[in-house]
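# Structural characterization, general
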Amino acid sequence: MASIEQERWLRFAWNAARYALGPIGGLLVPWLVIQRSSQEAWGQVVLPMILVQLVAHITQWGSKDLLLREFARMPDRVLDLWRASAITRAVPWIVCALMLTRSGLILKDAWAMSWLVGLVLANNVEPLIIWGKKFAGAAVADAMGLGVQVAIILWNQYLDADTICLSFAGNQIARALILWSVVGFPSLGHAFRLFNMRMHLLTALPFFLIGFSGLLASRIDLYTANVLLDRAEVGRYQIVASLFIQFQALAALVVTPLTKDLYRLNIESVSRYARRMRMWALAGLLPMCAIAWAVLTFLFKFELSWGVYAAAGALVWPVFAYVPMMNQLYKHHRELSVMWANFAAAALTCGLTLVLLPKLGIAGGLLAAAAGQWLMLAWMKREEHRLHALPRM
């Protein structure tokens, strides 16, 4: 029993290490770019970054969540299910690729397209990584990818948008190669005979819509800022917003190891856990703001008002307040409610960003994003009350 417990904690540690590479890379890469070039150079990469992440999400089409569910149902057919999903999702990938290459505005640069291809390939084997619990290999892949990117940035004396996109392409291609090696380079041989439109496009549609709406809810302020601000200000806004998104992501890191338990517990027990998590998050807001202030002030030399950090606190806390409830909503088949909550939050954030960002700057954008998260919290609390009202079996 002790060895099983040790193995569980080891997997958690590797997963946490992998998570930590996200904020480390998210701060280190823009800092290097700004130090060696300019804030404007970083801002020029924000649009390709938005589009690469958006298109990669579309081509993934909810496959990770769908496949993990199907792997659990049919553990003897893991590779067949994965191959069928991969070949079927070639349909949205081909459509997106045609749209991108035909457009005169979107991802004209070959390195941005390489960045996208690398990210898509890396995402494709993520379900196999999770199912096989190969978190150590995945952490090594992420670290090696970041190392390649840093090396490319340091190697080049002149950094423009193309070179920065090249560094991201190197990161994702290196990650993809190592991740594929971790799962044994699974073959796609005879995959065409497994093509299943209904199973892997229609069945995955709810998972895709939930993920897509969540992406919009958390990033729509950056998308709007990209339209309203000049390149230098967009670069600064992306760095600040991404830092606080990483703090938000801590909620998922805390909850993910308890996913199975949260599914099994009744609604009263989950509500008690959510209350404790809200209190811990409230206590952590001041240290979070202190860390963010130190990073942004001393590392990036950003002089930001106290209003930015107050808005950031209002942005981060609601996520910890409602994330524990998500599994209960999925358990009771209320996925559509989560999706509509995300879309409503995205719409509110977008509208408020258009008003507040020009007037209040970064603080206005973060306040708009915070309003969307508080709407999510109110929506989830309403759903929680409805679950409490359900008859007990």
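As shown above, the structure is provided for reference.
One structure accompanies this document, and this report is about it. (Residues numbered from 1 in each chain as written. Predicted model: local features only at pLDDT ≥ 70, side-chain atom pairs only at ≥ 80, totals over all residues. Heavy atoms only, no water.)

### Considering helix α9 (residues 135–155)
Over its 21 residues, α9 runs 30 Å from end to end, which matches the ideal 30 Å to within 8%, given 1.5 Å per residue. Of the positions making up α9, those classed as buried are Phe135, Gly137, Ala138, Ala139, Ala141, Asp142, Gly145, Leu146, Gln149, Val150, Ile152 and Ile153. (Helix = DSSP H or I, 4+ residues; strand = E, 2+ residues; numbered from the N terminus. Expected span 1.5 Å × (residues − 1). Buried < 20%, exposed > 50% of the residue type's maximum accessible area, 1.4 Å probe, protein only.)

### With respect to the packing of aromatic side chains
Scanning all chains against the criterion turns up 11 aromatic pairs. With centroids separated by 4.3 Å and ring planes inclined at 10°, the aromatic side chains of Trp61 and Phe208 adopt a geometry described as stacked. Of this pair, Trp61 sits in the loop between α3 (46–60) and α4 (63–73) while Phe208 is found in helix α12 (residues 205–228), placing the two residues 147 residues apart along the sequence. The exposure class assigned to Trp61 is buried, which follows from its relative accessible area of 17%. Its relative accessible area of 8% is what places Phe208 among the buried residues. On the numbers, 5.6 Å between centres and 70° between planes, the contact of Trp82 with Trp180 is edge-to-face. Taken as a pair, Trp82 in helix α5 (residues 78–88) and Trp180 in helix α10 (residues 161–182) lie far apart in primary sequence, 98 residues in all. What links up through ring pairs into an aromatic cluster is the set Trp42, Trp115 and Phe168. Sitting over the face of the ring of Phe302, Arg236 holds its NZ or CZ atom 5.6 Å from the ring centroid. (Phe/Tyr/Trp six-rings, centres within 6.5 Å; stacked < 30°, edge-to-face > 60°. Lys NZ or Arg CZ within 6 Å of the ring centre and 35° of its normal.)

### Brief notes about the side chain of Asn123
Mapped onto the fold, Asn123 is located in helix α7 (residues 110–124). When near neighbours in sequence (up to four residues on either side) are disregarded, Asn123 contacts Ala56 and Gln60. (Contact = heavy atoms within 4.5 Å.)

### Some words on the pattern of salt bridges
One pass over the full model with this rule turns up 9 salt bridges. The salt bridge involving Glu126 is made with Arg18; its shortest N-O contact spans 2.8 Å. Of the two residues, Glu126 sits in helix α8 (residues 126–131) while Arg18 sits in helix α1 (residues 2–36), which places them 108 residues apart along the sequence. Of the two residues, Glu126 and Arg18, neither departs from the other in class, the shared state being buried. With a closest N to O distance of 3.1 Å, Lys381 and Glu384 form a salt bridge. With a gap of 3 residues between them, Lys381 and Glu384 both fall in helix α19 (residues 362–389), about one helical turn apart. Judged by relative accessible area, Lys381 falls into the partly exposed class, the value being 27%. Salt bridges sharing common partners tie together Arg18, Glu126, Asp142 and Arg175. (Salt bridge = Lys/Arg side-chain N within 4 Å of Asp/Glu carboxyl O.)

### Quick word on the side chain of Ser213
The residue Ser213 is located in helix α12 in this model. A polar atom in the side chain of Ser213 sits 2.9 Å from the backbone oxygen of Ile210. Engagement of the side chain of Ser213 in a polar contact is seen with the side chain of Asn342, the distance being 3.2 Å. Ignoring any residue separated from it by four or fewer positions in sequence, one finds Ser213 in contact with Met339, Asn342 and Phe343. (Polar contact = N/O pair within 3.5 Å; in protein donor to acceptor, adjacent residues only side chain to side chain.)

### Considerations on the packing of α3 against α7
Contact geometry for α3 and α7: axes closest at 9 Å, N-to-C directions at 35°. Here α3 and α7 pass one another in a crossing that is right-handed. The residues of α7 that touch α3, namely those facing Pro48, Met49, Val52, Val55, Ala56, Thr59 and Gln60, are Ala112, Trp115, Leu116, Leu119, Val120 and Asn123. Class assignment for the residues of the contact of α3 with α7 results in 10 nonpolar, 3 polar and no charged. (Axes fitted to C-alpha atoms, helices over the stretch in contact; angles between N-to-C directions. Left-handed = near helix turned anticlockwise from the far one by under 90°. Nonpolar A, V, L, I, M, F, W, Y, C, P; charged D, E, K, R; others polar.)

### Quick look at the nonpolar core
General note: in soluble globular proteins, nonpolar side chains tend to be found buried as a group. Formed by 98 residues in total, the largest nonpolar core has its most connected members in Trp42, Val240, Phe244, Leu296 and Leu366. The contacts of Leu296, once residues within four sequence positions are left out, are Ile239, Val240, Leu243, Lys301, Phe302, Leu304 and Tyr309. (Core = buried A, V, L, I, M, F, W, Y, C linked by side-chain atoms within 4.5 Å.)

### Quick notes on the packing of helix α15 (residues 267–299) against helix α16 (residues 306–322)
Interaxial distance between α15 and α16 falls to 9 Å at its minimum, and their mutual angle equals 145°. Where α15 crosses over α16, the two elements pack in a sense that is right-handed. Contacts between α15 and α16 involve Ala274, Met277, Arg278, Ala281, Leu282, Leu285, Met288, Cys289, Ala292, Trp293, Leu296 and Thr297 from the former and Tyr309, Ala312, Gly313, Val316, Trp317, Phe320 and Ala321 from the latter. Of the residues that constitute the contact of α15 with α16, the class distribution is 16 nonpolar, 2 polar and 1 charged.

### Observations concerning a nonpolar patch on the surface
There is a patch of nonpolar side chains on the surface, built from Leu10, Trp14, Val140 and Met144 and spanning about 380 Å² of accessible area. Of all the secondary-structure elements, those providing two or more residues to the nonpolar patch are α1 and α9. By the element assignment, Leu10 lies in helix α1. (Patch = residues over 30% accessible without salt bridge, like charges linked within 9 Å, V, L, I, M, F, W, Y side chains within 5 Å. Areas by Shrake-Rupley, 256 points an atom, 1.4 Å probe, with all protein chains shown as cover.)

Honestly, that's just the spatial picture; any functional story needs more than this.
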